[in-house]
Amino acid sequence: WSSDVCSSDLLFLNTNLPLLLIHPQSQAPKKFQEFFFPTDISSVSIKALNQIKPIAKSLKAHITLFHKSLSFTKDVVDFPFSSDVRSRYVSQKQMEQILELNDILKQLREEEISSDLIVDSFEHEYVAKSIVAKAESFKNVLIAMASHSHHNPNSIPGSVTRQVLRSTKLPLWVLHPHHPIYMK
């Protein structure tokens, strides 16, 4: 994207439209068979997932939910508690996330949308790097991601979606859940 990073960033930050971005040096598949959907389980992410469900279903595409599970190690967060208390807290939060993700997966399957879930531990790897690495293992894949930005010109650049945009040659569909997709 080297020369186009600036223009794609401007477009990314200043549009309410969903964007399908395809790297100029890659060839988009004729049919996307896999929607790779990174989720932080936020309301914005769930709204974006609800936007892609009918499209995935109509294409008979598979949706892979990808969640980067945080593991708060001593290096990441310094809790004023013992490592045992910290470990129990992290385990409880991770279990809550996995239960919520399994509920989402169950709902997709009830709607007859082929789907799977990948939960990846955080460790010390950047989220965007993990998203790209996992997505690259699929054929005919489209990364579909929610944009959490509200198109504020004073917002700080560096969102996960922007980092993925800058680091992949895979097609990337950026959704703005606060501005729904209208389909006929």
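About the thresholds
What you see as residue numbers is a count from 1 along each chain, following the sequence as written. pLDDT decides what is reported in this predicted model: residues at 70 or higher carry local features, side-chain atom pairs at 80 or more are listed and counted, and totals for whole chains, interfaces and linings draw on all residues regardless. With hydrogens and water set aside, each side-chain value is computed from the structure's full complement of heavy atoms. For the exposure calls, accessible area comes from a 1.4 Å probe over protein chains only, and a residue counts as buried if that area is under 20% of its type's maximum, exposed if over 50%, partly exposed in between. Labels follow the DSSP assignment, with helices taken as runs of H or I lasting at least four residues and strands as runs of E lasting at least two, numbered in each case from the N terminus. Here, the term right-handed applies to a crossover whose path from the first strand over the helix to the second runs clockwise when the strands point away from the viewer. Note on pairing: two strands pair once DSSP finds at least 2 bridges between them. Any carboxyl oxygen of Asp or Glu that lies within 4 Å of a side-chain nitrogen of Lys or Arg is treated as forming a salt bridge with it. A pair of aromatic rings is counted whenever rings of Phe, Tyr or Trp (Trp by its six-membered ring) have centres within 6.5 Å, and the orientation is called stacked for planes under 30 degrees apart, edge-to-face for over 60 and tilted otherwise.

## Side note on the pairing of strand S2 (residues 34-38)
With 5 of its 5 residues buried, S2 lies for the most part within the structure. On S2, burial covers both faces: Glu 34, Phe 36 and Pro 38 on one face and Phe 35 and Phe 37 on the other are all buried. A crossover connection joins S2 to the parallel strand S3 (residues 62-69) through helix H2 (residues 43-59); in handedness this β-α-β unit is right-handed. Bridge count between S2 and strand S5 (residues 141-146): 3 bridges; the pairing is parallel.

## Some remarks on the pairing of S3
Of all 8 residues making up S3, 8 are buried, and the element is well covered by its neighbours. Pairing of S2 with S3 involves 5 bridges; the strand directions are parallel. Paired with Phe 36 across the two strands is Thr 64, which belongs to S3. Both S3 and strand S4 (residues 115-121) contribute to a ladder of 7 bridges, which runs parallel. Considered in S4, the bridge of Lys 68 is made with Asp 120.

## Thoughts on the pattern of salt bridges
Per the counting criterion, the structure on display carries 4 salt bridges. Glu 111 is the salt-bridge partner of Lys 53, the closest N and O atoms lying 3.0 Å from each other. Taken as a pair, Lys 53 in helix H2 and Glu 111 in the loop between helix H3 (83-110) and S4 lie far apart in primary sequence, 58 residues in all. Using a relative accessible area of 8% as the deciding quantity, one classes Lys 53 as buried.

## A closer look at the packing of aromatic side chains
Under the definition given, this model contains 3 aromatic pairs. Aromatic side chains Phe 35 and Trp 173 sit 6.0 Å apart centroid to centroid with 85 degrees between the ring planes, which places their arrangement in the edge-to-face category. Here Trp 173 lies in strand S6 (residues 172-175) and Phe 35 lies in strand S2, a separation of 138 residues in the sequence. Like Trp 173, Phe 35 is buried. Every member of this aromatic cluster is reached through a ring pair, and the members are Phe 36, Phe 66 and Phe 138.

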